[in-house]
Amino acid sequence: MSEAIKKKSAIQSMDLSGVQVDASGAVRKMEGVKNTIFAPGVNDLGNLYFLEVDHTLCQGCGECAHHCPTGAIQETEDGTRSIVDPAACMNCGQCLTHCPYGAVTERVSYVSEVFEKLKDPDTVVVTMTAPAVRYALGECFGMPMGTYVGGKVHSVLRRLGFDYIWDNEWTADVTIMEEGTELLERVTQGGKGDKPLPQFTSCCPGWIKFCESFYPDLIPHLSTCRSPVAMLGPLAKTYGAEQTGKDPKKIYTVSIMPCIAKKYEGLRPEMNASGQRDIDATINTRELAYMIKKAGIPFTSLPDEEPDPILGMSTGAATLFGTSGGVMEAALRFAYEAISGKTLVDPSIKAVRTGKGINKVEVEVPGFGPVRIAVVSGLQNAAKLCEEVRAGTSNLHFIEVMTCPGGCVNGGGQPMDDSILEASLFKKMMARVNKRFTLRKVA
Amino acid sequence: MKKGRWDLSRRSFIKVAGLSCGYALVGARMARESVAAVLDLVGLRQQSVYGADANPKIYALRKSQENPMVKKLYAKDGFLAEGPCGHHSHTLLHTHYKDKSMFIKALKKKGIELAM
């Protein structure tokens, strides 16, 4: 552990003085996606679009609408697509990752602000990296899909000049302690009063906005736990400041996510438990790749390094948060031992592992009986379970919901799959023909 | 000879047959490829997650409650000495949610149709 701290001080971070920071309002292509440099504050949240369709690029094929869980992306008068209102958009970005034309663009990017803070010697800039980032960032540097690059992620962040490499996997472990304990409380109380059963997970910002917007009556079922990054923010500025002897006012927390909706979460007004903003900036995997390339760091030849352990050390349970079924498996590894008092010999609970859709499972826990759980990804699948809970026909204890099919590894902030572009050549041709003959361009 | 409505000349038959074969082949290939693409993307990354969890060189421990830095946080003299879901936890690590359905209702009132 102390070794990692020693390593940190020995490493020279890059000299960023030569890096030209993009001006606010500039549009930059980051891993094939157009991003607008714009760093909004909490007061801008009201009518803020995180995603928008570029109508000059949209061919009206409708692929985005097919992947939109709420129907927020709709056909306009000229046949192109558009997001009707920020309130209807859960910011998941599935429209963006499936658009064959790169026509869906990001409207919020803190990249320049993060560069400015890294250049400022007076600011203590700390990382808060999500599990799923380390299973996809390598793809931006030509590595095979799914390559685990966790060690290189810590290494590259240190070279970018981040002062502390703290990690959401550590708070994923903390989340399990909090959320697992909450579940045990609900089960012990029989799900009565203001703590009903089943308990829903609360890590996914798309799902939280969805529940608040479409199933507000189910809010008492949501775990009151903040997501791992929303726990790390306040812990960094209280516990982290205390442990490192830094002034909490000088700490700048950067959330690094496979996600677009996490930008919304970071701006939620209630995210100020530390007495300041808990999350100062949120960037995603594509934007991190952009920063690394801009700084000219040779990613693939970097050594593997450890995070700074105090708010960075993690377990295998924590890394599972990156995939659908993972939060459930991690929680069961805790709950099994907490309920039964026995050791869970094989931590792999394969029954809850799932690709897509809805997976209902009963897990036998000694001294308790069957723990009834469900794992679901995709909000339209989640809605089916919500209807069951609303109708009172659900006998489940615990439900994990992730917005993106397959979980965060397939998030809206992840590098795109090139084969989506190749596979849709035919569709593209048809869309071009259609656009030419059917779109009524408003002159 | 006058042609009936559905009589095909040799030429137009070849045209129709060619086109439909083309569509069928291209369509089937595209469908297969796009399904494979989605499975590859999600599946490969998910496999990698499970692989890292089970690899002791990457994660020496596999249960959150065994993480030494989590134990330190909740230790008797630690920062969250009351343990998980204690008072300090509740102020820092827990939150509350707000009903946002009025925004959806307002959109529907404006005549905007949503999938939900």
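Scoring rules and cut-offs
Residues numbered from 1 in each chain as written. Chains lettered and ligands numbered in written order. Predicted model: local features only at pLDDT ≥ 70, side-chain atom pairs only at ≥ 80, totals over all residues. Heavy atoms only, no water. Helix = DSSP H or I, 4+ residues; strand = E, 2+ residues; numbered from the N terminus. Buried < 20%, exposed > 50% of the residue type's maximum accessible area, 1.4 Å probe, protein only. Contact = heavy atoms within 4.5 Å. Areas by Shrake-Rupley, 256 points an atom, 1.4 Å probe, with all protein chains shown as cover. Axes fitted to C-alpha atoms, helices over the stretch in contact; angles between N-to-C directions. Parallel < 35°, antiparallel > 145°, perpendicular 65-115°, else oblique. Nonpolar A, V, L, I, M, F, W, Y, C, P; charged D, E, K, R; others polar. Domains from an automatic or database assignment. Buried area = accessible area lost by both parts, 1.4 Å probe. Salt bridge = Lys/Arg side-chain N within 4 Å of Asp/Glu carboxyl O. Pairing = 2+ DSSP bridges. 1 Å grid on protein atoms, 1.4 Å probe; cavity = no way out; pocket = protein on both sides within 12 Å on 5 of 7 lines; lining within 4 Å. Points joined across faces, edges and corners; volume = space filled by probe spheres on them.

Q: Report on the overall build of chain B, specifying residues and quantitative values.
A: Regarding its fold elements, chain B presents four helices and zero strands. Counting from the amino terminus, chain B carries its helices and strands in the arrangement α-α-α-α. Burial status across chain B gives 33% buried among its 116 residues. In chain B, the proportion of contacts linking residues at least 24 apart, taken out of those at least 6 apart, comes to 0%. Summed over its atoms, the accessible surface of chain B is roughly 7,800 Å², and 62% of this surface lies on carbon and sulfur atoms.

Q: Give me the packing of helix H6 (residues 168-188) of chain A against helix H8 (residues 228-244) of chain A: which residues, what numbers.
A: Any two packed helices are characterised by how steeply their axes cross, that is the angle between the axes, and by the distance between the axes. All names here are of chain A. Relative orientation of the contacting elements H6 and H8 amounts to 105 degrees, with a least axis distance of 9 Å. The pairing of H6 with H8 is recorded here as roughly perpendicular in orientation. Every residue of H8 that contacts H6 at Asn168, Trp170, Thr171, Ala172, Val174, Thr175 and Glu178 is listed here: Pro228, Val229, Met231, Leu232, Leu235 and Tyr239. Looking at side-chain class alone, the contact of H6 with H8 contains nine nonpolar, three polar and one charged residues.

Q: Quick one: what's the story with the side chain of A:Asn168, residue by residue and with numbers?
A: With respect to the secondary-structure elements, A:Asn168 resides in helix H6. Excluding residues within four positions of it along the chain, A:Asn168 makes contact with A:Met128, A:Thr129, A:Ala130, A:Pro131, A:Pro228, A:Val229, A:Leu232 and A:Met257.

Q: Tell me what's going on with the domain arrangement of chain A, and back it up with residues and numbers.
A: All names here are of chain A. Here chain A is partitioned into domain 1 (49-107 + 416-443) and domain 2 (171-226 + 318-410). Facing 10 residues of domain 1, the contacting portion of domain 2 comprises 11 residues. Interface area for domain 1 against domain 2, summed over the two sides, is near 750 Å², with a carbon-plus-sulfur share of 63%. Interface area lost by domain 1 to domain 2 is led by Pro69, Met90 and Gln94, which between them contribute 65%. Counting every contact that joins domain 1 to domain 2 gives zero salt bridges.

Q: So what's going on with the sheet that holds strand E11 (residues 281-284) of chain A? Residues and values would help.
A: Residues and elements named next belong to chain A. Spatially, E8-E7-E10-E11 is the arrangement adopted by the four strands of the open sheet, whose pairing is parallel. Strands at the two margins of the open sheet, each flanked by one partner only, are strand E8 (164-167) and E11. Averaged over all pairs of adjacent strands, the angle between strand axes in this sheet comes to 25 degrees, irrespective of strand direction. As paired elements, strand E10 (residues 251-257) and E11 share four bridges and run parallel to each other. Following the sheet pairing, isoleucine 256 is matched in E11 by isoleucine 283.

Q: Explain the pattern of salt bridges residue by residue, including any values.
A: Residue and element names in this part refer to chain A. Applying the stated rule across the entire model yields 33 salt bridges over all chains. Here aspartate 22 and arginine 28 are joined by a salt bridge, their closest N and O atoms 2.9 Å apart. A residue is classified by how much of its surface remains accessible, and aspartate 22, at 7% relative accessible area, is buried. According to the relative accessible area criterion, arginine 28 is partly exposed, its value standing at 32%. Put simply, arginine 159 and glutamate 305 hold a salt bridge, and the shortest N to O gap is 3.1 Å.

Q: Give me the lowdown on empty space enclosed by the protein, citing residues and values where you can.
A: All names here are of chain A. Within the structure shown, the criterion is met by eight cavities of 30 Å³ or more. Approximately 350 Å³ is the volume found for the largest cavity. Around the largest cavity, the lining is made up of 28 residues, and of these Cys203, Pro205, Lys262, Phe321 and Cys408 lie nearest the centre. No other element matches strand E14 (residues 398-402), which puts three residues into the lining of the largest cavity. In terms of residue class, the lining of the largest cavity is made up of 19 nonpolar, seven polar and two charged.

Q: How would you sum up the sheet that holds E14(A)? Please name residues and give values.
A: All names here are of chain A. Taken together, four strands build an open sheet; the order of strands is E9-E14-E13-E12 and the sheet is mixed. Looking at which strands have only one partner, the edges of the open sheet turn out to be strand E9 (199-200) and strand E12 (357-365). In this structure, strand E13 (residues 369-377) lies alongside E14, joined through five bridges in parallel fashion. Within E14, the residue paired with alanine 374 across the bridge is isoleucine 399. Against the sheet, helix H12 (residues 326-340) makes contact with E12, E13 and E14, and its axis sits at roughly 160 degrees relative to E14, the strand it touches most.

Q: Which residues make up helix H10 (residues 285-295) of chain A, and what values do they have?
A: All names here are of chain A. Buried residues dominate H10, accounting for nine of its 11 residues. Taken residue by residue, H10 has Thr285, Arg286, Glu287, Leu288, Ala289, Tyr290, Met291, Ile292 and Ala295 as its buried positions. Positive phi shows up at glycine 296, right after H10, with a value of about 75 degrees.

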